[in-house]
There are 2 protein chains.
Amino acid sequence: MAGGKGERFWPLSTERRPKQMLALAGDRPLLAAAVERLRGVIPKSRILVVTGASLLRAARQAVPGLPGENLIGEPVGRDTAAACALGTAIVGSRDPEGVVCVLTADHVIGDEPRFRDALRAAVAVADVGRDIVTFGIRPRFPSTGFGYIETGRRIGSVRGVRFARALRFVEKPDTATAARYVASGRYLWNSGMFIWKVGCFMDALERHAPALRRMAGRLAAAAGGAGFGRLLRREYGRIGRISVDYAVMEKSANIVTAAGDFGWDDVGSWSALAAYLPRDGSGNAVSGRCETVDAAGNVVLSGGRLTALVGVRDLVVVQAAGATLVCGKDRAEDVKKMVRLLREKGGYGGLL
Amino acid sequence: MAGGKGERFWPLSTERRPKQMLALAGDRPLLAAAVERLRGVIPKSRILVVTGASLLRAARQAVPGLPGENLIGEPVGRDTAAACALGTAIVGSRDPEGVVCVLTADHVIGDEPRFRDALRAAVAVADVGRDIVTFGIRPRFPSTGFGYIETGRRIGSVRGVRFARALRFVEKPDTATAARYVASGRYLWNSGMFIWKVGCFMDALERHAPALRRMAGRLAAAAGGAGFGRLLRREYGRIGRISVDYAVMEKSANIVTAAGDFGWDDVGSWSALAAYLPRDGSGNAVSGRCETVDAAGNVVLSGGRLTALVGVRDLVVVQAAGATLVCGKDRAEDVKKMVRLLREKGGYGGLL
């Protein structure tokens, strides 16, 4: 899944160049890293990238080794349930017994060998065909920015990866609830990654989202054919926006969670990016040219320009294209508000 | 006097484009405004601009109506005593009985008619030939950024402008001393503007700075001739850096101060500039394109770019050429340190 609106990392990310197309953590776009880390587990011929139609060209450049027919452009964004139905329909058209790994293109995974082990184990469990497998992440702090998975009875271990029943999916909690979840030891962050057998997910859609199940059936029947693009536009034109968590996960009983101890990070904002940038002696996290006089704790991306900081603390400063963002580090969530403001004001088209 | 190093208004000001060449307060460079406000008092044929040799072209563009021979380029910066000696020597070569008004090119004067009245009055007093006249500014707050003039016995009024004896010139004081000065009612800010008859200033140099007096004599003798440029380089090559305040004013007894109530402001830093920029609804002083989400009290110059502020207060953000400065508003004095740091680091030549 490589969709997204490119709001949180503005001005570096834009509608035409959202987060997954940026080399935020490393020297390759996050999408390229997401594909490359599957090496040895899933051959490129079996990797589908589902992204926005307007991003197809950029996606192709980011993952040049992928067969052209594996890049799927959604005509409009319809959230993750539609993307999952679309991807699973195409996999099912190629192999009705296939196992689908729904993975995210805009996250960072620190320990790739462990990730591959976890993926192999999850595929083995999903291949039984009874359960949907999810990756849950052990919470590092009481985040209010993630959904949580309450885990129940342990099922066992496969290749050192521990599996447990998922009792329920819960949406982003408030601070007190998040603290309670973390203290209990029973809750994991919902990573947004799922592994299921085609038939298992189709059954879940049948029960909880029958309109999506019908769409998936029609898409599977047309996959690879000449009329697929037109059919996809028509189908997407009449379904609603809904996340797979809400449409399926929160309602399903047959979900199993694998504890994903592979250094996962969603890098959800500029301030979270600090961990992936080199530090200067004053704890400023810097990409590009930056000079400081008594400045500490800042996150700086200079683009091709120079950023000069004098006597400032805990700011995010990002220069890109024709715009410079200056944001309090604890206000990085509000960058979205800025993007929406600019959109409303008009005249900033070239910068969005 | 239109010299200066272009440090305090970096990155907008640079060595090649110092403060007086910038349209900081209004639509014209400060130098152009300084010349234009003399209209009706001093004809352009009698206005000399003394600036750095490397700035001659920019100065000529800023004040197109000035005769070419009235633009004097100093081969190196030697502070104000040398510039005063140079300018007075040239005036003296044209008219030994001339009155010289030493005015600054990088200040703002809010009430130009009153300034012209004060200038006419000061010229009348200086023309007697006995005293050096200075403009003192009634302190608006206990600034530690200006020198002060202690005033003594009142002499009288000319054209509504009050004159008093200057008892002494004092350098930039500490905060407590500045507060004492202001409370006393006897101290004025030293504006750096002086009016003297050629002979009167030459006498003062003779007494307090004889090397400068000899230089002025040689320059006056060569003024307008073919070898003047070479002579000027030789003379400047062997004199030291010293301000006219230190070389002459602090040592002279025959100084008279005119109270300059004409809205003078030296606009000494980015934070001082806020008063001359349009305000948005949150008290941000802005030049150019700037959008804000919960940001207040900032000073923003965007150049041709967009500045986007999210959740920040009391910052200076200036975008120019290839650099962006982000500075605490109370730290604007330290922009100089940044310029020096960049100079030391090398590689930033194009931005300085």
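Residues numbered from 1 in each chain as written. Chains lettered and ligands numbered in written order. Predicted model: local features only at pLDDT ≥ 70, side-chain atom pairs only at ≥ 80, totals over all residues. Heavy atoms only, no water.

### Considerations on the overall build of chain A
The helix and strand inventory of chain A stands at 11 helices and 14 strands. For 352 residues, the compact-globule estimate of 2.2 N^0.38 gives 20 Å, and the C-alpha radius of gyration of chain A, at 21 Å, lies within 12% of that figure. Along the first, second and third principal axes, the C-alpha set of chain A runs to 60 × 50 × 35 Å. Taken over 352 residues, chain A has a buried fraction of 55%. In chain A, the proportion of contacts linking residues at least 24 apart, taken out of those at least 6 apart, comes to 63%. Of the roughly 15,000 Å² of accessible surface on chain A, a fraction of 48% belongs to carbon and sulfur atoms. (Helix = DSSP H or I, 4+ residues; strand = E, 2+ residues; numbered from the N terminus. Rg over C-alpha atoms; globule rule 2.2 N^0.38 Å. Buried < 20%, exposed > 50% of the residue type's maximum accessible area, 1.4 Å probe, protein only. Contact = heavy atoms within 4.5 Å. Areas by Shrake-Rupley, 256 points an atom, 1.4 Å probe, with all protein chains shown as cover.)

### So, the interface of chain B and chain A
Contacts between the two partners involve 36 residues from chain B, matched on the other side by 36 residues from chain A. The largest contributions to the chain B side of the interface with chain A come from B:Glu291, B:Arg305 and B:Val310, which together make up 22% of the buried area. Where chain B packs against chain A, one counts four salt bridges. The salt bridge partner of A:Glu291 is B:Lys345, with a shortest N-O separation of 2.9 Å. (Buried area = accessible area lost by both parts, 1.4 Å probe. Salt bridge = Lys/Arg side-chain N within 4 Å of Asp/Glu carboxyl O.)

### Thoughts on the packing of helix 7 (residues 210-222) of chain A against helix 8 (residues 228-238) of chain A
All names here are of chain A. Packing of helix 7 against helix 8 brings their axes to within 10 Å, and their N-to-C directions diverge by 170°. One way to sum up the angle between helix 7 and helix 8 is to call them roughly antiparallel. Of the residues in helix 8, those in contact with Met215, Arg218, Leu219 and Ala222 of helix 7 are Phe228, Leu231, Leu232, Glu235, Tyr236 and Arg238. Residues belonging to the contact of helix 7 with helix 8 are distributed by class as follows: seven nonpolar, no polar and three charged. (Axes fitted to C-alpha atoms, helices over the stretch in contact; angles between N-to-C directions. Parallel < 35°, antiparallel > 145°, perpendicular 65-115°, else oblique. Nonpolar A, V, L, I, M, F, W, Y, C, P; charged D, E, K, R; others polar.)

### Structural notes on the packing of aromatic side chains
Residues and elements named next belong to chain B. Under the counting rule described, the total for this entry stands at 24 aromatic pairs over all chains. When the centroid spacing of 5.3 Å and the interplanar angle of 55° are considered together, the rings of phenylalanine 146 and tryptophan 264 count as tilted. With phenylalanine 146 in the loop between strand 5 (132-137) and strand 6 (148-158) and tryptophan 264 in strand 10 (residues 264-265), the pair connects residues that are 118 residues apart, well separated along the chain. Each of the two residues, phenylalanine 146 as well as tryptophan 264, counts as buried. (Phe/Tyr/Trp six-rings, centres within 6.5 Å; stacked < 30°, edge-to-face > 60°.)

### What about the pairing of strand 12 (residues 299-310) of chain B?
Taking burial as the measure, the 12 residues of strand 12 of chain B include 10 buried ones, the bulk of the element. Note: strand 14 (residues 323-328) of chain A against strand 12 of chain B, five bridges, orientation parallel. By the bridge assignment, A:Val326 is partnered in strand 12 of chain B with B:Leu309. In this structure, strand 12 of chain B lies alongside strand 13 (residues 315-320) of chain B, joined through three bridges in parallel fashion. Across the sheet, the residue bridging to B:Leu301 is B:Val318, located in strand 13 of chain B. (Pairing = 2+ DSSP bridges.)

### Structural notes on the pattern of salt bridges
Residue and element names in this part refer to chain A. The final tally for this structure, using the stated rule, is 46 salt bridges over all chains. Note that glutamate 150 and arginine 168 form a salt bridge whose closest N and O atoms lie 2.8 Å from each other. With glutamate 150 in strand 6 (residues 148-158) and arginine 168 in strand 7 (residues 161-170), the pair connects residues that are 18 residues apart, well separated along the chain. The class of glutamate 150 is buried, set by a relative accessible area of 10%.

### Some thoughts on unusual backbone geometry
Most peptide bonds adopt trans geometry, and most residues besides glycine take a negative phi value. The omega torsion of the bond from A:Trp10 to A:Pro11 falls at 5°, within 30 degrees of zero and hence cis. Within the fold, A:Pro11 resides in the segment before helix 1 (30-36). The backbone phi angle of B:Asp294 is positive, close to 55°, even though this residue is not glycine. With respect to the helices, strands and loops of the structure, B:Asp294 is situated in the loop between strand 11 (285-293) and strand 12. In this structure B:Asp294 comes out as partly exposed when scored by relative accessible area, which is 39%.

### So, the environment of A:Leu31
Residues and elements named next belong to chain A. Relative to the elements of secondary structure, leucine 31 occurs in helix 1. When its relative accessible area of 3% is taken as the criterion, leucine 31 is described as buried. Distance from leucine 31 to histidine 107, taken between C-alpha atoms, is 8.6 Å for residues 76 residues apart in sequence. Setting aside chain neighbours within four positions, we find leucine 31 in contact with Ala2, Gln20, Met21, Val49, Ala59, Ala62, Val63 and Ala105.

### Focus: helix 11 (residues 335-345) of chain A
Among all positions in helix 11 of chain A, only A:Val335, A:Met338, A:Val339, A:Leu341 and A:Leu342 are buried. One side of helix 11 of chain A carries all its buried residues, which in axial view fall inside an arc of 160°. Of the surrounding secondary structure, the elements contacted by the buried residues of helix 11 of chain A are helix 10 (270-273) and strand 14 of chain A together with strand 11 and strand 12 of chain B. Positioned one or two residues after helix 11 of chain A, A:Gly346 has a phi angle of 65°, which is positive. (Arc of directions from axis to C-beta.)

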